[in-house]
Amino acid sequence: MRRAWLTGIAGMLTVPLLLTGCTGSGGDEGTKQTALEDGAAGEGAPPPAGQAPSVAPDGAYDAAPEAAGKSRADAFAPEPDMVSTFALDVDTASYSYARRTIGAGSLPQPDTVRHEEFINSFRQDYAPPEGDGFSVSADGARVPAGGGAGEAGEAGEAGGDWSLMRVGLSTRPESNEYGTRKRRPAALTFVVDVSGSMAEPGRLSLVREALHTAVDELRDDDSLALVAFSDVARTVLPMTAVGGAEDRIHDAVEKLQPTDSTNVEAGLTRGYDEAADGHRKGATNRVVLLSDALANTGATDAGTILDRIAAGREDYGITLFGVGVGSEYGDALMERLTNEGDGHTTYVSETAEAREVFVEDLPRNVDLRARDAKAQVVFDADAVSDYRLIGYDNRQVADEDFRNDAVDGGEVGPGHTVTALYAVRLAEGASGSVATATVRWLDPDTRAPHEESRTVDAAALTGDLWGAAPSRLQVTALAAYFADALRGGSDAGTAPEPYADGSADGSADGKEGGTTTGGPAPLPGAPTVGELAGHAEDLADETEDPAVADLAETVRQAVELTG
């Protein structure tokens, strides 16, 4: 069945949580080509002294493990090429939208659940760098024997030799206030959806409130433009310096009212035109799209909108920040737009979340610390027999393109953390270094490339996960297991459970997606649903973190929905 929780709740059996991810053999799909800037190293640039080189992939999935005499546990990962490469991603919309959906009494569609966005929604314990750029942290823990084995008789053999490895990247935070670490001035073009669908309570009203909050937080040396769109787009306010114009800006925001259809193409085209006209050299130039992303007129597919976004990125360095709203939300469209626009997405459903985006997190959401950031983890073939990256499915980068700065990466702001979680199977007797993690990025102003690395030791992966590992590592594992359960596809040979609209793939309401039979191999150490809920409650108490308490409540609600 689609809802893999059901069996576990009925019998408290181990749930075969699915691990969807990739090794470093992702290839060119999903990457974007940009002009090579002055000061950026091109393809073939030599690695820094002492750094493990990037290598070409040579691994492949074993399509018939049984034919080769392998158990399902033995076939957990593809034959590894020992290199994993991906573009950084700081999106969090997937988790926020899932929490909203579950709180409203439904499970999210599996194709809207992305592991990395669940993981990156939670505060981490990484030490920030002293200067600009990134710090790199790494730790891990052994998962309990028995979980996720797939076959009842294999449980005792499968879990004990697998570990979770956490690679953490962090940038130095900056203040919105004036001072030695203040952010750069910002030129922001807010593109606001005022279509009929935004009339639902909690959509346009929340957007107006968020905009009022943002205006109050912006500095005098910032500037702002406002574009509204429905079936057509109009400029409500051209690029205007905030200092001295606060009342005029607030008045323009308050006049935003819902009207007709949703033409995202018209809104973004006009928004990028305004952003280009108001472009400020030396400032952060960003388009902020506030919408439910339910396009139903004009170009409704991201592919026809991307040319304008790409031109703004390449000609003016304009980035795109997507803020999603609404109980029905075009997750796939928003994510693709921001991926192509060198930006990121978040989702808000209440005033507290909007305040967090536009007050507490304003510097990281409007400023940039790094452009085209990529991560590469090189595993030691003598120490690691198998590995798997959890998530980042659509952020894969070919291993050989890690140092090709013409291949796009991710954009990261000040005070952001990015976590990559791996399932790792150590070879018997492994000791010493098992992996080297490297992050590469371009300076947002000069485009000069930089790298930072960290080595992971086998001893860091041998302690017990639950109850013994650092609490933030346990929260990371909990978020990954929960995301995997929500994605958890149907058993092979059975039809997927229908969506709420009555269709098998969610298509009746115009959305893409759905489940398929079968699925990737299960994640080792998967807790039973009762254990997962228990771990969430324990971690909420241990961390005293409201965000972890919200996660524990969301897990509890999800269990109830399937029971």
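Going along each chain's sequence as written, the residues are numbered from 1 onward. Local features in this predicted model are restricted to residues whose pLDDT is 70 or higher, and side-chain atom pairs enter the listing and the counts only when it is 80 or higher, whereas totals over whole chains, interfaces and linings include all residues. Heavy atoms from the whole structure form the basis of all side-chain values; hydrogens and water molecules are not counted.

1. A word on the overall build of the chain
Step number 1: Helices and strands together make up the secondary structure of the chain, namely 14 helices and 16 strands.
Step number 2: Relative to its full complement of 563 residues, the chain shows a buried share of 58%.
Step number 3: Pairs at least 24 residues apart make up 82% of the contacts formed inside the chain by residues separated by at least 6 positions. Counting from the N terminus, the helices are DSSP H or I runs at least four residues long and the strands are E runs at least two residues long. The buried label applies to any residue whose accessible area, calculated with a 1.4 Å probe on protein chains only, is under 20% of its type's maximum; exposed applies above 50%, and partly exposed to all values in between. Here, two residues are considered to be in contact whenever any of their heavy atoms come within 4.5 Å of each other.

2. Notes on the sheet that holds strand β8 (residues 284–291)
Step number 1: The strand order across the open sheet built from 6 strands is β7-β6-β5-β8-β9-β10, with neighbouring strands paired in mixed fashion. Single-partner strands in this sheet number two, and they are β7 (233–241) and β10 (344–347). Ignoring which end each strand starts from, the neighbouring axes of this sheet average 15° apart.
Step number 2: When DSSP locates at least two bridges between a pair of strands, those strands are taken to pair. Where strand β9 (residues 319–324) lies against β10, 4 bridges are found, and the strand directions are parallel. For Val323, the partnering residue across the bridge sits in β10 and is Thr346.
Step number 3: Where helix α6 (residues 246–254) meets the sheet, it contacts β6 (223–229) and β7, and its direction lies at approximately 165° from that of β7. Axes, fitted as lines to C-alpha atoms, cover a helix only where it is in contact. Angles between the N-to-C directions of the axes lie from 0 to 180 degrees.

3. Some thoughts on the packing of aromatic side chains
Step number 1: Between rings of Phe, Tyr and Trp, where Trp is taken as its six-membered ring, a pair exists when centres lie within 6.5 Å; planes separated by under 30 degrees are stacked, by over 60 edge-to-face, and by other angles tilted. This structure, assessed with the given rule, holds 13 aromatic pairs.
Step number 2: Ring centres of Tyr329 and Tyr347 lie 5.2 Å apart, and the angle between their planes is 50°; on these two criteria the pair is classed as tilted. Of the two residues, Tyr329 is situated in the loop between β9 and α9 (331–340) and Tyr347 in strand β10; the sequence distance between them amounts to 18 residues. There is no split in this pair, since Tyr329 and Tyr347 are both buried.
Step number 3: Of the aromatic side chains, those joined through ring pairs into one cluster are Tyr95, Phe118, Phe122 and Phe482.

4. Some points on the packing of helix α2 (residues 93–103) against helix α14 (residues 546–562)
Step number 1: Two elements in contact, α2 and α14, have axes whose closest approach is 9 Å; the angle formed by their N-to-C orientations is 50°. Taken together, the axes of α2 and α14 lie oblique to each other. As α2 runs across α14, the sense of the crossing is left-handed. Between α2 and α14, the residues in contact are Tyr95, Arg99, Ile102 and Gly103 and Ala547, Asp550, Leu551, Thr554, Gln557, Ala558 and Leu561, respectively. In these notes the angle categories are as follows: under 35 degrees is roughly parallel, over 145 is roughly antiparallel, 65 to 115 is roughly perpendicular, and the rest is oblique. What makes a crossing left-handed is the near helix being turned counterclockwise from the far one by less than a right angle; a clockwise turn instead makes it right-handed.

5. Structural notes on the pattern of salt bridges
Step number 1: Salt bridges, as used here, are contacts in which a Lys or Arg side-chain nitrogen is within 4 Å of a carboxyl oxygen on Asp or Glu. In the structure shown here, the tally under the stated rule is 30 salt bridges.
Step number 2: For Arg114, the salt bridge is made with Glu335, and the minimal N-O distance between the two is 3.2 Å. Note that Arg114 is positioned in the loop between α2 and α3 (115–119) and Glu335 in helix α9, a separation of 221 residues in sequence.
Step number 3: Here Glu451 makes a salt bridge to Arg440, at a shortest N to O gap of 2.7 Å.

6. Notes on helix α12 (residues 471–487)
Step number 1: Counted at 1.5 Å a residue, the expected span for α12 with its 17 residues is 24 Å, and the 24 Å between its end C-alpha atoms agrees.
Step number 2: Most of α12 sits inside the fold, with 15 of its 17 residues counted as buried. To estimate the expected span of a helix, subtract one from its residue number and multiply by 1.5 Å.

7. Quick word on the confidence of the model for the chain
Step number 1: For every residue, the predictor assigns a confidence score, pLDDT, that lies between 0 and 100. In this model, the chain carries an average pLDDT of 78, and 74% of its residues clear a pLDDT of 70 or more.
Step number 2: The low-confidence segment residues 1–80 (pLDDT under 50) makes 228 contacts with residues lying over four places distant or belonging to another chain.
Step number 3: Across residues 489–519, confidence stays below pLDDT 50; counting only partners more than four residues off in sequence or on other chains, it has 53 contacts.

8. Re the environment of Glu560
Step number 1: Within the secondary structure, Glu560 sits in helix α14.
Step number 2: Linking Glu560 and Gly105, residues 455 residues apart in sequence, is a C-alpha distance of 9.5 Å.
Step number 3: As used in this structure description, the phrase polar contact means that two N or O atoms lie within 3.5 Å; if the pair is within protein, one of them must be able to donate a hydrogen and the other to accept it, and residues adjacent in sequence are counted only when both atoms belong to side chains. In terms of polar contacts, Glu560 uses its side chain to reach the side chain of Arg556, at 2.3 Å.

9. Comments concerning the nonpolar core
Step number 1: Buried residues of nine kinds, namely Ala, Val, Leu, Ile, Met, Phe, Trp, Tyr and Cys, make up a nonpolar core once their side-chain atoms join them within 4.5 Å. Core analysis: the largest hydrophobic core is formed by 41 residues, its most contacted members being Phe118, Leu164, Leu465, Tyr481 and Phe482.
Step number 2: When contributions to this core are tallied by element, the ones reaching two or more residues are α2, α3, β4 (162–171), β14 (417–426), α12, α13 (529–543) and α14.
Step number 3: By residue number, the principal contributor to this core is α12, which donates 10 residues.
Step number 4: Ranked by size, the runner-up nonpolar core spans 35 residues in total, among them Val215, Val242, Val357 and Val366.

10. Observations concerning a negative patch on the surface
Step number 1: Taken together, Glu537, Asp538, Asp541, Glu542 and Glu544 make up a surface patch of like negative charges.
Step number 2: Counting through the fold element by element, Asp541 comes out in helix α13.
Step number 3: Judged by relative accessible area, Asp541 falls into the exposed class, the value being 60%. Exposure above 30% relative accessible area and no salt bridge define the residues that can form patches, which grow by joining like charges within 9 Å and nonpolar side chains of Val, Leu, Ile, Met, Phe, Trp and Tyr within 5 Å. Surface accessibility in these figures is a Shrake-Rupley result with a 1.4 Å probe; residues are shielded only by whichever protein chains are displayed. None of His or the chain ends enter the tally, which takes Lys and Arg as positive and Asp and Glu as negative. Every charge is mapped to an atom, namely NZ of Lys, CZ of Arg, CG of Asp or CD of Glu.

11. What about the side chain of Asp193?
Step number 1: One can find Asp193 in strand β5 (residues 186–193).
Step number 2: One buried charge, Asp193, has no salt-bridge partner; the nearest side chain with opposite charge is Arg203, at 7.1 Å.
Step number 3: Of the polar contacts made by the side chain of Asp193, one reaches the side chain of Ser291; its length is 2.8 Å.

12. Points about the pairing of strand β11 (residues 370–379)
Step number 1: Burial within β11 is extensive, with 10 of its 10 residues counted as buried.
Step number 2: Here strand β2 (residues 83–87) pairs with β11 via 5 bridges, running antiparallel. Each bridged residue has a counterpart across the sheet, and for Val83 the counterpart in β11 is Val378.
Step number 3: Bridge analysis of β11 against strand β13 (residues 410–412) gives 2 bridges, and the strand direction is antiparallel. Each residue of the ladder has a partner; that of Ala373, found in β13, is Gly410.
Step number 4: In this structure, β11 lies alongside strand β15 (residues 433–442), joined through 7 bridges in antiparallel fashion. Its bridge partner being in β15, Val377 is matched across the sheet by Ala437.

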